[in-house]
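# Inside the fold
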Amino acid sequence: MKKFISRIMFCAMALFAFAACSDPEAEKLEKVVGEWHYSGTESGVELDVYLALSSDYTFELYQKIGEGPHYLYKGKFDYDGEVLSGTYNDYTPWAHDYKVSRSGNSMTLTSTTATYSVTYTRKSIPEEVKTHYMPVTKAEGGFEQPIL
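Residues numbered from 1 in each chain as written. Predicted model: local features only at pLDDT ≥ 70, side-chain atom pairs only at ≥ 80, totals over all residues. Heavy atoms only, no water.

### Concerning the overall build of the chain
When helices and strands are counted, the chain shows 3 helices and 10 strands. Written out in order from the N terminus, the α and β elements of the chain read α-α-β-β-β-β-β-β-β-β-α-β-β. Per-residue burial for the chain yields a buried fraction of 26% across its 148 residues. The contacts in the chain between residues at least 6 apart in sequence include a share of 34% that link residues at least 24 apart. (Helix = DSSP H or I, 4+ residues; strand = E, 2+ residues; numbered from the N terminus. Buried < 20%, exposed > 50% of the residue type's maximum accessible area, 1.4 Å probe, protein only. Contact = heavy atoms within 4.5 Å.)

As structure tokens, this is what we get:
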């Protein structure tokens, strides 16, 4: 019986030690990693945006402005536990860096330099969006154009 109790105590201590060694980087990312959705109107134009932030610091942004397909933008992001920033695959930085706040299944991104904010809701990206998108690339003049 003594051996049994000592084994249980050893297992409990090992489990406690493992839990105490949690990864602070993973805990920080837990706030933003996942799939997010925003739908709304800006300047009279309908927007439908899906954002996937991965634990390897990459993102996929499916953006539909008005009618037509979603356009896919990819790149890398950084998150210091408070501010989210990113760079597209063509090395163009996001238009804003964003202060992140979370409440339940909502994530609000507020620009650090302008009076702009957007609230995303945690939602899986539909397969229809993932399979029927238009990829984009950087074109002369700084405008994003679809790859045909």
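### As for the packing of aromatic side chains
Taken as a whole, this structure holds 7 aromatic pairs when the rule is applied. Arranged with centres 5.8 Å apart and planes meeting at 75°, the rings of Y62 and Y133 form a pair that is edge-to-face. With a gap of 71 residues between them, Y62 in strand 3 (residues 58-65) and Y133 in strand 9 (residues 133-138) connect regions that are remote in the sequence. (Phe/Tyr/Trp six-rings, centres within 6.5 Å; stacked < 30°, edge-to-face > 60°.)

### Some thoughts on the pattern of salt bridges
Under the defined criterion, the tally for this structure stands at 3 salt bridges. For E60, the salt bridge is made with K74, and the minimal N-O distance between the two is 3.8 Å. Of this pair, E60 sits in strand 3 while K74 sits in strand 4 (residues 70-79); the two residues are 14 residues apart in sequence, bridging distant segments of the chain. We classify E60 as partly exposed; its relative accessible area is 28%. (Salt bridge = Lys/Arg side-chain N within 4 Å of Asp/Glu carboxyl O.)

### Digging into the nonpolar core
Formed by 23 residues in total, the largest nonpolar core has its most connected members in V32, L53, F77, L84, L109 and Y120. Those elements that provide at least two residues to this core are strand 1 (34-42), strand 2 (45-53), strand 3, strand 4, strand 6 (98-103), strand 7 (106-111) and strand 8 (117-122). Per-element tally for this core: the top contributor is strand 2, with 4 residues. Aside from chain neighbours lying at most four places away, what touches V32 is L53, F77, Y79, V100 and M107. In terms of nonpolar packing, the next biggest core, distinct from the first, is built from 6 residues, Y50, A52, L72 and V129 among them. (Core = buried A, V, L, I, M, F, W, Y, C linked by side-chain atoms within 4.5 Å.)

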